[in-house]
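A look at the structure
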Amino acid sequence: APAPHLRLDRLVKRYGAQAAVDGVSLDVARGECIALLGPSGCGKTTTLRLVAGFIAPDAGRILLDGAAIERAPPHRRPIGMVFQSYALFPHLTAAGNVAFGLEMRNVGRAERDSRVAEALATVGLSALADRYPARMSGGQQQRVALARALVIRPELLLLDEPLSNLDAGLRVEMREEIARLRAAAGITTLFVTHDQEEALALADRVAVMDRGRIVECAAPEALTERPGHLFTAGFLGARSVIAGHVEGGVFRIPGGPAVPLPPGAPRGATHLVLRAARLMLLPAGATNDLPLRAPTEVVAATRLDDSMHYEVALGPHSLRVRRPSGEPGFAPGAAVTLAAGFDAMAWIEHRDQMTGEMA
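Here is a short report on the structure shown in this document. (Residues numbered from 1 in each chain as written. Predicted model: local features only at pLDDT ≥ 70, side-chain atom pairs only at ≥ 80, totals over all residues. Heavy atoms only, no water.)

Considering the overall build of the protein
We apply this condition: Only DSSP runs of H or I reaching four residues or more are called helices, and only runs of E reaching two or more are called strands; each is numbered from the N terminus. Buried, partly exposed and exposed residues are distinguished by accessible area as a fraction of the type maximum, computed with a 1.4 Å probe on protein chains only: under 20%, between the cut-offs, and over 50%, respectively. Here, residues are in contact when the closest pair of their heavy atoms is within 4.5 Å. Every accessible area reported is derived by Shrake-Rupley at a probe size of 1.4 Å, with residue values counting cover from the shown protein chains alone. Charge counting follows a simple rule: Lys and Arg are positive, Asp and Glu are negative, and His as well as the terminal groups are ignored. Lysine's charge is taken at NZ, arginine's at CZ, aspartate's at CG and glutamate's at CD.
Per the secondary structure count, the protein includes eight helices and 21 strands. Once the C-alpha set of the protein is aligned to its principal axes, its extents read approximately 75 × 45 × 40 Å. Counting only residues that meet the buried cut, the protein has 48% of its 359 residues in that class. Of all intrachain contacts in the protein linking residues separated by at least 6 positions in sequence, the fraction that spans at least 24 positions is 66%. Element-wise, carbon and sulfur atoms account for 51% of the exposed surface of the protein, whose accessible area totals about 16,500 Å². Computed over 39 positive and 38 negative side-chain charges, the separation of the two mean positions in the protein equals 4 Å.

Below is the structure:
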């Protein structure tokens, strides 16, 4: 296998007794896009800042193309960065902001002008070259920040919560734009987000972080279909995680139904993960031969976009169910049958992450 383009090797960053980054290792292939996904305070932005050179690691190495860069100052690293706040210079026009990195690298005037024009055209802002940031929308500022990062032709593109300041409609549009630009430039990319939809849409692989560590790193489809870690299953929303135990080839849910274990499921499964969008609600008493079927009651029903979001009770557990809004709906209090096939289920055998003991 080819050597990774970017390698993070057991990176540690402490603030006092607290390890913000606690032994993070990650290999990123050339041209690959990896999302660092996790809740606030999980260490994802600190990891990005270590790679950018804004802070120095207490231990560990950062290798880019095999060369150690963890001691190099930021401007000596072939890295383009887009900040959450865009960080544009207010006294420079769009073209001036984009040209800044090239000036710092002593690129000649003629080449600089042509590369700035090309970068602004790439992000669709040629007409705004002479406009100042104060007179641009958030989406336009975001595009200038992207052009500024790309114009230096970086080896590595770093994005820190790049879409969090945009409204929902623009966020989807810019997400598609970033995906297009990235693919066209073939740049190795590392980006930080707390938005799982963004991570799953943009990244080739998603590294899920919790308490300064990467708990799981896999392709989006693998994480959503078969999360291997309890934290991932709980963090990637629109699913329910239920504890239970295996006995006689079935998974027993305390106070709820028993579910047969499919071939390939861990025989020591401790948790069942149910995907909200693949669970079915049928009228009470409806019969079916699906592996999970249980009488239940609708606790809450909310319409969101084109789907109905239900909360139903399963014994002592509360489950989330998401159904298309075109289906006949159920009101709170309705008695229904909850049903699911194996495609709605994933199984986790959870050991305590820190000790390796069964939890």
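Brief notes about the sheet that holds strand β10 (residues 213-218)
Which entries qualify depends on this criterion: Only strands joined by at least two bridges in the DSSP assignment are considered to pair. Here an axis means a line fitted to C-alpha atoms, over the contact stretch when the element is a helix, while the angle between two N-to-C directions is reported on a 0 to 180 degree scale.
Read from one edge to the other, the open sheet built from six strands follows the order β6-β7-β8-β3-β9-β10, with strand pairing classed as mixed. Unpaired on one side and paired on the other, β6 (79-82) and β10 mark the two borders of the sheet. Averaged over all pairs of adjacent strands, the angle between their axes in this sheet comes to 20°, without regard to strand direction. In the sheet, β6 pairs with strand β7 (residues 156-160) via four bridges, with the strands oriented parallel.

Notes on helix α3 (residues 109-122)
Here is the rule: One fewer than the residue count of a helix, multiplied by 1.5 Å, yields its expected span.
For α3, spanning 14 residues, the distance from its first C-alpha to its last is 20 Å, which sits close to the expected 20 Å at 1.5 Å a residue. Among the structural elements, α2 (94-104) and α4 (138-151) are those in contact with the buried residues of α3. Gly-124 sits one or two residues past α3 and shows a positive phi near 75°.

Concerning the pairing of β10
Along any regular strand, the residues point their side chains to alternate faces of the sheet. The pairing of strand β9 (residues 205-210) with β10 spans five bridges and is antiparallel. In the strand pairing of β10, Asp-210 is matched with Arg-213.

Quick look at the pattern of salt bridges
Note on pairing: side chains with opposite charge can pair once their charged atoms come close. This is how the line gets drawn: For this analysis, a salt bridge means a side-chain nitrogen from Lys or Arg found within 4 Å of a carboxyl oxygen belonging to Asp or Glu.
Enumeration over the complete set of coordinates arrives at 20 salt bridges. The closest approach of N and O atoms between Asp-58 and Lys-13, which form a salt bridge, is 4.0 Å. Of this pair, Asp-58 sits in the loop between α1 (44-52) and β4 (59-64) while Lys-13 sits in strand β1 (residues 6-15), and the two are 45 residues apart along the sequence. Judged by relative accessible area, Lys-13 falls into the buried class, the value being 12%. The closest approach of N and O atoms between Arg-211 and Asp-210, which form a salt bridge, is 3.3 Å. Using a relative accessible area of 9% as the deciding quantity, one classes Asp-210 as buried. The network of salt bridges with common partners includes Arg-143, Glu-173, Glu-177 and Arg-180.

Looking at the packing of α4 against helix α5 (residues 168-185)
This is how the line gets drawn: Throughout this description, any angle smaller than 35 degrees is read as roughly parallel, any larger than 145 degrees as roughly antiparallel, any in the 65 to 115 degree range as roughly perpendicular, and the remainder as oblique. The handedness criterion is simple: a crossing whose near helix is rotated anticlockwise from the far helix by less than a right angle is left-handed, and one whose near helix is rotated clockwise is right-handed.
It is at 11 Å that the axes of α4 and α5 come closest, and there the two elements cross at 15°. The angle between α4 and α5 places the two elements in the roughly parallel class. For the element pair α4 and α5, the recorded crossing hand is right-handed. Between α4, through Gly-139, Gln-142, Arg-143, Leu-146 and Leu-150, and α5, the contact on the second element is made entirely by Leu-170, Glu-173, Met-174, Glu-177, Ile-178 and Leu-181.

Observations concerning the state of the cysteines
The criterion, for reference: In this description, the term disulfide denotes a pair of cysteine sulfurs within 2.5 Å.
Per the stated rule, a full pass over the model turns up zero disulfides. Free of any disulfide, Cys-33 has its nearest cysteine sulfur in Cys-217, 11 Å distant. Taking relative accessible area as the criterion, Cys-33 reaches 2% and is therefore assigned buried. Overall, Cys-217 belongs to the partly exposed group, its relative accessible area being 28%.

Quick notes on the sheet that holds strand β19 (residues 317-324)
Taken in spatial order, the five strands make up an open sheet running β16-β20-β17-β18-β19, and their pairing is antiparallel. Pairing within the sheet leaves two strands with one partner each, and these edge strands are β16 (280-283) and β19. Ignoring which end each strand starts from, the neighbouring axes of this sheet average 45° apart. As paired elements, strand β17 (residues 292-304) and strand β20 (residues 335-340) share six bridges and run antiparallel to each other. Bridge pairing links Arg-293 to Ala-339 in β20.

Regarding α2
Each turn of an α-helix holds 3.6 residues, which means side chains three or four residues apart point in the same direction. For α2, every residue scored as buried is listed here: Ala-94, Gly-96, Asn-97, Val-98, Ala-99, Gly-101 and Leu-102. Looking at the buried positions of α2, the neighbouring elements they touch are α3 and α4. Following α2 by one or two positions, Asn-106 has its phi on the positive side, about 60°.

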